[in-house]
Amino acid sequence: MKTQRRTADEQYQLIMECRSSGLSDYQWCTEHNINPGTFYNWVKRLRKKLVMISPLPQDAAIISQPLNRML
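Keep in mind that this is a model prediction, so the values were computed, not measured. (Residues numbered from 1 in each chain as written. Predicted model: local features only at pLDDT ≥ 70, side-chain atom pairs only at ≥ 80, totals over all residues. Heavy atoms only, no water.)

1. Focus on the overall build of the chain
Rules: Comment: elements are numbered from the N terminus, with helices defined as DSSP H or I runs of at least four residues and strands as E runs of at least two. Only protein chains enter the accessibility calculation, which uses a 1.4 Å probe. A residue is then buried if its area is under 20% of the maximum for its type, exposed if over 50%, and partly exposed in between. Contact criterion: two residues are considered in contact whenever any of their non-hydrogen atoms come within 4.5 Å of each other. Only the protein chains shown count as covering a residue, and every accessible area follows the Shrake-Rupley method with a 1.4 Å probe.
A tally of helices and strands in the chain yields four helices and zero strands. The linear arrangement of helices and strands in the chain, starting from the amino end, is α-α-α-α. Burial statistics for the chain: of 71 residues in total, 30% are counted as buried. By sequence separation, contacts in the chain at least 24 residues apart represent 53% of the contacts at least 6 residues apart. Element-wise, carbon and sulfur atoms account for 55% of the exposed surface of the chain, whose accessible area totals about 5,300 Å².

Encoded structure:
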């Protein structure tokens, strides 16, 4: 089954929803039928984009949380 592609804006919104949910990334992804590997690819791409932006937006701290939240 082919998965749904998400725009960069949708990916950002999903990352922010996950990080503010209080769940681990893995739990949140499982509940929302998103492959955790895909989720972390989104985070990685967004981090790359943020490095190019100065000054960093307020949400950068949330996106930059360690990837160890998966457990």
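2. Quick word on the pattern of salt bridges
Filter applied, for reference: The salt bridge criterion pairs a side-chain nitrogen of Lys or Arg with a carboxyl oxygen of Asp or Glu, the two atoms within 4 Å.
What the rule picks out here adds up to one salt bridge. For arginine 19, the salt bridge is made with aspartate 25, and the minimal N-O distance between the two is 3.0 Å. Both residues of the pair, arginine 19 and aspartate 25, belong to the buried class.

3. Section: the packing of helix α1 (residues 8-19) against helix α3 (residues 36-51)
How two helices sit against one another is set out by the angle between their axes and by the gap between those axes. Heads up, the rule is: Inter-axis angles, ranging from 0 to 180 degrees, are taken between N-to-C directions of lines fitted to C-alpha atoms, where helices are fitted over the stretch in contact. In this scheme, roughly parallel covers angles under 35 degrees and roughly antiparallel covers those over 145, while 65 to 115 is roughly perpendicular and the rest are oblique.
Relative orientation of the contacting elements α1 and α3 amounts to 110°, with a least axis distance of 10 Å. Taken together, α1 and α3 sit at an angle that is classed as roughly perpendicular. Residue-level contacts link Ala8, Gln11, Tyr12, Leu14, Ile15, Cys18 and Arg19 of α1 to Phe39, Tyr40, Trp42, Val43, Arg45, Leu46 and Lys49 of α3.

4. Notes on α1
Note the cut-off: Helix span, as expected, comes to 1.5 Å for every residue beyond the first.
Along its twelve residues, α1 runs 16 Å from first to last C-alpha, staying within 8% of the 16 Å computed at 1.5 Å per residue. Listing the buried residues of α1 in full gives Gln11, Leu14, Ile15, Met16, Cys18 and Arg19.

5. Re the state of the cysteines
So the rule is basically this: Here, the term disulfide refers to a pair of cysteine sulfur atoms separated by no more than 2.5 Å.
In this structure the tally under the stated criterion is zero disulfides. In this structure cysteine 18 is a free cysteine whose sulfur lies 5.4 Å from that of cysteine 29, the closest cysteine sulfur available. On the basis of relative accessibility, which here comes to 0%, the residue cysteine 18 falls in the buried class. According to the relative accessible area criterion, cysteine 29 is buried, its value standing at 0%.

Without other data, these values stay purely geometric and don't point to any function.
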